[in-house]
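Topology and contacts: notes
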Amino acid sequence: MVQNFLKLEIPSKSENESLARIVISAFAAQLDPTIEEISDLKIAVSEAVTNAIIHAYDSEEGIIYIHAFLEENKLTLEVIDHGMGIEDLEQARQPLFTTKPELERSGMGFTIMESFMDKVEVESFPGQGTTVRMVKEINKNKKVQSKEG
Amino acid sequence: MEIELKLVRKNLIVRLKGELDHHTASCFREEVEREFEKEIAQNLVLNLGELTFMDSSGLGVILGRYRRITEKGGKVVVTNMQPQVERLYSLSGLQKIIPHYRREEEALRNL
Ligand SMILES: Nc1ncnc2c1ncn2[C@@H]1O[C@H](COP(=O)(O)OP(=O)(O)O)[C@@H](O)[C@H]1O
Ligand SMILES: [Mg+2]
């Protein structure tokens, strides 16, 4: 059962990267996350939104959809674009792989999303767009502690 | 993001305040490039003490400066890293190529 959700539509402007981070950390606040968890969520959403701006829409204007769902202490984040899509997903997710080295991209976006979230799924259709779905359990450690105590 | 620049001998100290992401990366890049074009500074000391957020775009722009500066025989070091930034730094492998010091003075002594 989804207890709360958020749906946000923003144009692919780089100013909106910080907006997306603020909105997601405010939404997650209801779970009373740790500072580290907030920082994990901020970086993950920042990576996905930045990718939509730079890669999906190739710095042209398009719409980015950000969805967040809360079930118990599980937060699911979706970042959706209707941009160019990804031809080879496996290659795209490799650390250091980038198709835009001339823009000083580090190729670490997907690697960061994977290491700071519990689960990352990517669906992409070339010419149609990409959906990045990420899940993170909030307050994992707190829960374990209260069970033990 | 706020950028504070200070030249100490041949070392350009850059203090970053705020958030380093794709949106603010170009401002950082331009400021640093402009200073190095004057050909006075040789090395870059990057103080990240007041950086509240950084993502892979920050890694990319730091790595970009590293490439440009080392090409000309200069060095790049970072100082005052916060725990969040440090996690990113070790995950990316940047720590293997860019030395990290606790304080600016310590970095300056080692340049
Ligand atoms: N939303 C997207 N739409 C199209 N291509 C994408 C998208 N996200 C990622 N990519 C592709 O995957 C590659 C790797 O992404 P990432 O790990 O974030 O590195 P970087 O952004 O530094 O290139 C990108 O260079 C790009 O080719
Ligand atoms: Mg990226």
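Here, every reference points to the structure presented above.
We now examine the pairing of strand β3 (residues 74–81) of chain A. Residues and elements named next belong to chain A. Of all eight residues in β3, seven are buried, a share of seventy percent or more. Two strands pair when backbone bridges link them, and strand β2 (residues 63–71) and β3 are joined in this way by eight bridges, in the antiparallel orientation. Residue pairing in the sheet places H67 in a bridge with E78 of β3. The loop that links β2 with its antiparallel partner β3 comprises two residues; one of these, E72, has a positive phi angle of about 50°. Looking at chain direction, β3 and strand β5 (residues 129–137) are connected through eight bridges and run antiparallel. By the bridge assignment, L77 is partnered in β5 with M134.

Let us look at the environment of R133 of chain A. Residues and elements named next belong to chain A. Within the element layout of this structure, R133 appears in strand β5. Since its relative accessible area comes to 23%, R133 is described here as partly exposed. Ignoring anything within four residues of it in the chain, the contact list for R133 reads T76, L77, E78, K119, V120, E121 and E123. A polar contact is formed between the side chain of R133 and the side chain of E78, at a distance of 2.8 Å.

Right, let's talk about the side chain of S124 of chain A for a bit. Residue and element names in this part refer to chain A. Counting through the fold element by element, S124 comes out in strand β4 (residues 119–125). Among the residues examined, S124 registers a relative accessible area of 12% and is labelled buried. Among the polar contacts made by the side chain of S124, one reaches the main-chain amide nitrogen of I86 at a distance of 2.7 Å. In terms of polar contacts, S124 uses its side chain to reach the side chain of T130, at 2.8 Å.

Okay, the packing of aromatic side chains next. Aromatic rings in a pair are described by how distant their centres are and how their planes are angled relative to each other. Under the criterion given, the structure shown has zero aromatic pairs over all chains. The ring of F53 of chain B has R21 of chain A sitting right over it, with the charged end atom 4.0 Å from the ring centre. Over the face of the ring belonging to F116 of chain A we find R87 of chain B, whose NZ or CZ atom lies 4.4 Å from the ring centre.

Conventions adopted
Residues numbered from 1 in each chain as written. Chains lettered and ligands numbered in written order. Predicted model: local features only at pLDDT ≥ 70, side-chain atom pairs only at ≥ 80, totals over all residues. Heavy atoms only, no water. Buried < 20%, exposed > 50% of the residue type's maximum accessible area, 1.4 Å probe, protein only. Helix = DSSP H or I, 4+ residues; strand = E, 2+ residues; numbered from the N terminus. Pairing = 2+ DSSP bridges. Contact = heavy atoms within 4.5 Å. Polar contact = N/O pair within 3.5 Å; in protein donor to acceptor, adjacent residues only side chain to side chain. Phe/Tyr/Trp six-rings, centres within 6.5 Å; stacked < 30°, edge-to-face > 60°. Lys NZ or Arg CZ within 6 Å of the ring centre and 35° of its normal.

Note that all results are geometric; they support no functional claim without further evidence.
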